[in-house]
Amino acid sequence: MRWQWEVKTVNGRALEMRLRLPPGHEALDADVRRLCQGRITRGSAQIGLSLTREGGSTEIRVNEAALEQVTQAIARIRMATGAGPPSAEGIAQIRGVLEIIEPEDSEAAQLARRQAMLDSFAGALERLVEARAAEGARLATTLTAQVKAMEVLVAEAEATPSRHPERIAARLREQIDRLLQNTSGFDPVRLHQEAVLLATKADIAEELQRLRSHVAAARELMAAGEPVGRKLDFLAQEFNREANTLCSKANDTDLTRIGLSLKAVIDQWREQVQNVE
């Protein structure tokens, strides 16, 4: 008996296993799932087993009862239609006339083969885990670079001059000058108050602080020696929430540009995180 395991995985929110086992080998299902659960925690796994029995180990027999029924039916058809006699090859091709008899193994042989199948599956699973780890190492380089890009954009947002009340006051003064056409009588104290109010509404200090905290959390999770894919997926949602708030509070084109660039990097990072176990 020869057999071959095929194991492949794609990304998924949790561990999902789909097994394709040949008839008579359903008892392997529970053990295969147990082995997978010990090595894989996230992803959609497709597992297939194909069997081939070596030549000379099977026996072909004639089903006498089926042959008798077929010959009687053929005789009636010939009498009704006047057809000629059928060939032996044609009769042999009728389903049920020939039977393939598989040899019956002893219970000890069946147990030994089952254990050998499980051992070979464990080997295939180990190679799959190694391939996933190699892919993860390459993916880590991309994720690290994206987190660094987010950190740089957060620093740019923090340093942008448009966040300061003086800059807001100057922009507001320019707009008012255009509206009043440089007429006198405008209260500079009221201008300062309005500028402070706008600065308060546009303050993104809390968003920037949370984004910096998320960057630190992302690095900590990626350095952990355990499955963190679902945690990173949740963290990506938090990143995106803060970036949306930052864009909604943006009070000039520079901050809007930074916010949109940050959202683009976060989307790319979240897409790659789906491939992390």
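Residues numbered from 1 in each chain as written. Predicted model: local features only at pLDDT ≥ 70, side-chain atom pairs only at ≥ 80, totals over all residues. Heavy atoms only, no water.

Describing the packing of aromatic side chains
Aromatic ring pairs are described here by two measures, namely the spacing of the ring centres and the angle between the planes. Applying the stated criterion across every chain yields a total of two aromatic pairs. The interplanar angle of 80° and the centroid separation of 5.5 Å between the aromatic rings of Phe239 and Trp269 together place this pair among those described as edge-to-face. Pair noted here: Phe239 is in helix α8 (residues 229-249) and Trp269 is in helix α9 (residues 253-273), with a separation of 30 residues, a long-range link. Take Phe239 and Trp269: they sit in the same class, and that class is buried. (Phe/Tyr/Trp six-rings, centres within 6.5 Å; stacked < 30°, edge-to-face > 60°. Helix = DSSP H or I, 4+ residues; strand = E, 2+ residues; numbered from the N terminus. Buried < 20%, exposed > 50% of the residue type's maximum accessible area, 1.4 Å probe, protein only.)

Digging into the packing of helix α7 (residues 205-223) against α8
Contact pair α7 / α8: the axes reach a minimum separation of 10 Å and the direction vectors enclose 160°. By the angle class used here, α7 and α8 are roughly antiparallel. As α7 packs across α8, the resulting crossing turns out to be left-handed. Taking contact as the criterion, the partners of Glu207, Leu208, Arg210, Leu211, His214, Val215, Ala217, Ala218, Leu221 and Met222 in α7 are, on α8, Lys231, Leu232, Leu235, Glu238, Phe239, Glu242, Thr245, Leu246 and Lys249. Split by residue class, the contact of α7 with α8 holds eleven nonpolar, two polar and six charged. (Axes fitted to C-alpha atoms, helices over the stretch in contact; angles between N-to-C directions. Parallel < 35°, antiparallel > 145°, perpendicular 65-115°, else oblique. Left-handed = near helix turned anticlockwise from the far one by under 90°. Contact = heavy atoms within 4.5 Å. Nonpolar A, V, L, I, M, F, W, Y, C, P; charged D, E, K, R; others polar.)

Comments concerning the packing of helix α1 (residues 28-39) against helix α4 (residues 107-159)
Two elements in contact, α1 and α4, have axes whose closest approach is 11 Å; the angle formed by their N-to-C orientations is 30°. Put simply, α1 runs roughly parallel to α4. Here α1 runs over α4; the crossing is right-handed. Of the residues in α4, those touching α1 at Leu28, Asp31, Val32, Leu35, Cys36 and Arg39 are Arg114, Met117, Leu118, Phe121, Leu125, Glu126 and Val129. For the contact of α1 with α4, the residue count by class is nine nonpolar, no polar and four charged.

Digging into α1
Taking 1.5 Å of rise per residue, the twelve residues of α1 would be expected to cover 16 Å, and the 17 Å separating its terminal C-alpha atoms lies within 8% of that figure. Residues Leu28, Asp31, Val32 and Cys36 constitute the buried set of α1. Relative to the axis of α1, the buried residues are bounded by an arc of 135° and lie together on one face. In this structure, α1 carries Ala30, Gln37 and Gly38 as exposed residues pointing more than 90 degrees from its buried face. Where the residues of α1 are buried, they touch β1 (2-10), β2 (15-20), β3 (43-52) and α4. (Expected span 1.5 Å × (residues − 1). Arc of directions from axis to C-beta.)

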